[in-house]
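# Residue-level structural notes
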Amino acid sequence: MCGITGYKNFSNRNDLAQSLKNATKSLVKRGPDNNATFSQKSVGLGHTRLSILDTSSKANQPMTDKSGRYTLVFNGEIYNYRELAETLAVELVTTSDTEVLLYLLIQDGEACLKNLNGFFAFAFYDSEEETILIARDRMGIKPLNYYHHDDFFVFGSEMKALFNYPIPKEIDPHALYWYLRLTYLPDDLSMISGVKKLLPGHFMRISNTGVDVQQYWHLEAPVLFNGNYDDAKSQTVKLLEQSVERRMISDVPLGSFLSGGTDSSAVVSMASKFDSNLHTFSIGYKDHSFFDETNYAELVAKTFNTNHTTFSLTNDDLLNCLDSVLAYIDEPFADSSAIPTYILSNHVSKHIKVALSGDGADELFGGYYKHLAFQRSSEKTVANHLIRLSAPMLKHLPTSRSSKAGNLIRRVAKFAEIMKMKPFEKYWHLASFNLKADHYLLNPPEKNTIESFKLKFESPDEKFELNDFLDIDLQMVLPGDMLTKVDLMSMANSLEVRVPFLDKEMVNFARSLPPHYKIDKNKRKTVLQDAFEHILPKELHHRSKKGFEVPMLSWMRNELNASLNEVLFDEEYLEEQQIFNTTQVMKLKKKLFSQNPEDVHTTIWSLYVFQKWYKNHLE
């Protein structure tokens, strides 16, 4: 895993070369093993290296071919690089996937993208044509930000790299609205106006005549699986085993996250076949025994004879890393699960440089409560009828994610609401954390711009079913939230994370399965759970995964209260800032200390993270 950045100069600016050096240094945590820059004619490229394959200096980047014409900076891994190397008519001098990719691009250009199995973001420079080819992997596992101006074009793995170039730092109100509603930035949106994210499955060519963006891969209508349920279970295991085997290539220590849930446990069960001394890692919660699932993780570790380590965290551990998390994120990101992800990555990076993860399984196979709610909301059952009748009463009951009873009431109330909606409307309701995001903005975006964004993801068919729901998650939630979280928090600790469930073969297969293979009655990820029923310990079978909620409500009322008053609940500062509706923000403070806070802490956390980011980067 690495960091990349660079520029294309369309004029005679003389400040970009120094900006490149600063931008490259800003990405050093992504690649602490080596960093270097390359400048020629109108182009500059920077790279920071986390050495995984061929750790020798010969594989350092920027990497230039033997002729001196082509140069590559590359972030990621190409798992099938050895097979692809056999198609090259050149003698390689390293054993790295970087050199293979370099010569594939020389040989085939962007046509080689369809043959790559891996995760990547790269920039390929042709000095004769004075062009840069930039591409991002199919699922958006690796990030790529860019900014296009009349005078120059710049790009970087993270926003912090772009901040070192001469770009204006103005807030995009459209992006701010969606951030407050979802807690992350979806699609190609960026909090800085003019900065965009190259979308997954896209490439762009930057030349002296401008910038051209094209799509090389998209979610096509899947060919439906033609086997029976038992066939689907067998294929699930087979594909995961193949995917894990591909991701075991490494010249440095490799291991796996292990939460004790089905996803990570399935990955470990496969990885242990290829590494008899597999290192596995999990975190537990001393102060929150209800959420502590390390006993399941340790049971899996014992079953597959892994070298297991458990890190047990306290509230103080979570709080103590908060400033590090907020200091590293270079764009507002309010998924609070980033905090334990950061801590896990920090501990794991002291032992290994590459970790496998179970991410992506929920989006592919229907693992979230929202998927279950969507699937069951159209059923004509007695239970649904009773919930519909109780909807008016539910509105008056206390709801909160911070208590078991309150969380149950919250879920039932939300379920009652969506039963009245059209299928596509249900998606946006279930995907949103703050349906009233516009209330907190001084100048909310126009309604038609909000609707036009929604329409980008709308199914062309009149019938919107579970698989359509999951496809939007794959395009929006996965790259915007889950993969962003893992990339940022792992890279902050110089750790590479690989995601076997997002192998292109597994993605194509999962999308081909009918909805009832994924959700059956109250059971989520049905085919995945059943596929590993006789492989994983019986204690894991069909148990409800608890997940972990950071105790945000308690923090805000106590440990974080002083910081909130300074950063967010300062009326004078809010008025000067002219971004948020001061009256509405101060109502949140009152709600926070009320008898029925509901989910107010989610909105407050989003605003607080934004304000911390604003003070760090824009003041």
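Residues numbered from 1 in each chain as written. Predicted model: local features only at pLDDT ≥ 70, side-chain atom pairs only at ≥ 80, totals over all residues. Heavy atoms only, no water.

### Overview of the state of the cysteines
- Here the structure, examined in full by the defined rule, presents zero disulfides.
- Of all cysteine sulfurs in the structure, the one in Cys112 sits closest to Cys2, which takes part in no disulfide; the separation is 18 Å.
- The buried category is assigned to Cys2, whose relative accessible area is 5%. (Disulfide = S-S within 2.5 Å. Buried < 20%, exposed > 50% of the residue type's maximum accessible area, 1.4 Å probe, protein only.)

### Description of the sheet that holds strand S10 (residues 195-197)
- In space, the six strands of this open sheet follow the order S2-S3-S1-S9-S8-S10, with antiparallel pairing throughout. With partners counted over all chains shown, the strands left at the sheet margins are strand S2 (34-40) and S10, one partner each. Geometrically, the sheet is characterised by an average inter-axis angle of 15° between neighbouring strands, direction not taken into account.
- Across four bridges, strand S8 (residues 145-148) lies against strand S9 (residues 152-156) in antiparallel orientation. Bridge assignment links His148 to a residue of S9, and that residue is Phe153.
- Docked against the sheet, helix H1 (residues 16-26) engages strand S1 (2-9), S2, strand S3 (43-49) and S9, running at close to 170° with respect to S1. (Pairing = 2+ DSSP bridges. Helix = DSSP H or I, 4+ residues; strand = E, 2+ residues; numbered from the N terminus. Axes fitted to C-alpha atoms, helices over the stretch in contact; angles between N-to-C directions. Contact = heavy atoms within 4.5 Å.)

### Digging into the pattern of salt bridges
- A complete count under the given rule lists 28 salt bridges for this structure.
- Among the ionic pairs, Lys353 bridges to Asp33, the shortest N-O distance being 2.7 Å. With Lys353 in the loop between helix H11 (338-348) and strand S16 (354-356) and Asp33 in the loop between H1 and S2, this residue pair connects regions lying 320 residues apart in the sequence.
- For Glu496, the salt bridge identified is with Arg498, shortest N-O distance 2.6 Å.
- A relative accessible area of 0% means that Glu496 is categorised as buried.
- Among the charged side chains, a network of salt bridges with common partners joins Arg30, Lys142, Glu158, Lys160, Asp330 and Asp487. (Salt bridge = Lys/Arg side-chain N within 4 Å of Asp/Glu carboxyl O.)

### Observations concerning unusual backbone geometry
- Cis geometry marks the peptide bond from Gln61 to Pro62, where omega comes out at 0°.
- With respect to the helices and strands, Pro62 occurs in the loop between S3 and strand S4 (63-64).
- One non-glycine residue, Thr183, adopts positive backbone phi at about 80°.
- Residue placement: Thr183 occurs in the loop between helix H5 (173-182) and S10.
- Non-glycine residue Ser494 carries a positive phi angle of around 55°.
- Its place among the elements puts Ser494 in the loop between helix H18 (466-491) and strand S17 (496-498).
- The exposure class assigned to Ser494 is buried, which follows from its relative accessible area of 18%.

### What to know about the packing of H11 against H18
- Interhelical geometry of H11 versus H18 gives an angle of 40° and a closest axis separation of 8 Å. Considered as vectors, H11 and H18 are oriented oblique to each other. Relative to H18, the crossing made by H11 is right-handed. On H18, the residues touching Ala338, Thr341, Tyr342 and Ser345 of H11 are Lys485, Met489 and Ser490.
- For the contact of H11 with H18, the residue count by class is three nonpolar, three polar and one charged. (Parallel < 35°, antiparallel > 145°, perpendicular 65-115°, else oblique. Left-handed = near helix turned anticlockwise from the far one by under 90°. Nonpolar A, V, L, I, M, F, W, Y, C, P; charged D, E, K, R; others polar.)

### Observations concerning the packing of helix H13 (residues 369-377) against helix H16 (residues 423-431)
- As a packed pair, H13 and H16 sit with axes 11 Å apart at the nearest point and diverge in direction by 155°. The angle between H13 and H16 places the two elements in the roughly antiparallel class. The two elements H13 and H16 meet at a crossing, and its hand is right-handed. Residues Lys370, Ala373, Phe374 and Ser377 of H13 pack against Pro423, Lys426 and Leu430 of H16.

### A few points about the nonpolar core
- Core analysis: the biggest nonpolar cluster contains 190 residues, and Phe122, Met476, Phe580 and Trp605 have the highest contact counts within it.
- The element that contributes the greatest number of residues to this core is H18, accounting for 14 residues.
- Leave out the neighbours within four places in its chain, and Phe580 touches Leu176, Leu180, Tyr440, Leu441, Leu442, Leu574, Val585, Leu607, Phe610 and Gln611.
- Val43, Tyr125, Ile134 and Leu198 belong to the second-largest nonpolar core, a separate cluster that totals 17 residues. (Core = buried A, V, L, I, M, F, W, Y, C linked by side-chain atoms within 4.5 Å.)

### Looking at helix H24 (residues 582-592)
- Among all positions of H24, only Thr582, Val585, Met586, Leu588 and Leu592 are buried. Buried residues along H24 cover an arc of 140° about the axis, so they all sit on one side. Projecting away from the buried face of H24 at angles above 90 degrees are the exposed residues Thr583 and Lys590.
- In this fold, the buried residues of H24 make contact with helix H21 (552-557), helix H22 (561-567), helix H23 (571-577) and helix H25 (600-617).
- In this structure Asn581 caps H24, since a side-chain oxygen of it lies 3.1 Å from the backbone nitrogen of Thr583. (Arc of directions from axis to C-beta. Polar contact = N/O pair within 3.5 Å; in protein donor to acceptor, adjacent residues only side chain to side chain.)

### As for the packing of aromatic side chains
- One pass over the structure, following the stated rule, counts 22 aromatic pairs.
- An angle of 25° between the planes, with centres 5.7 Å apart, marks the rings of Tyr146 and Phe153 as stacked. Each of the two residues, Tyr146 as well as Phe153, counts as buried.
- The interplanar angle of 85° and the centroid separation of 5.3 Å between the aromatic rings of Phe580 and Phe610 together place this pair among those described as edge-to-face. Pair noted here: Phe580 is in the loop between H23 and H24 and Phe610 is in helix H25, with a separation of 30 residues, a long-range link. We note that Phe580, like Phe610, is buried.
- Clustering of aromatic rings is evident, with ring pairs tying together Tyr177, Trp178, Phe374, Phe424, Tyr427, Trp428, Phe464 and Phe469.
- Just above the ring of Phe163 sits the side chain of Lys169; from NZ or CZ to the centre is 4.6 Å. (Phe/Tyr/Trp six-rings, centres within 6.5 Å; stacked < 30°, edge-to-face > 60°. Lys NZ or Arg CZ within 6 Å of the ring centre and 35° of its normal.)

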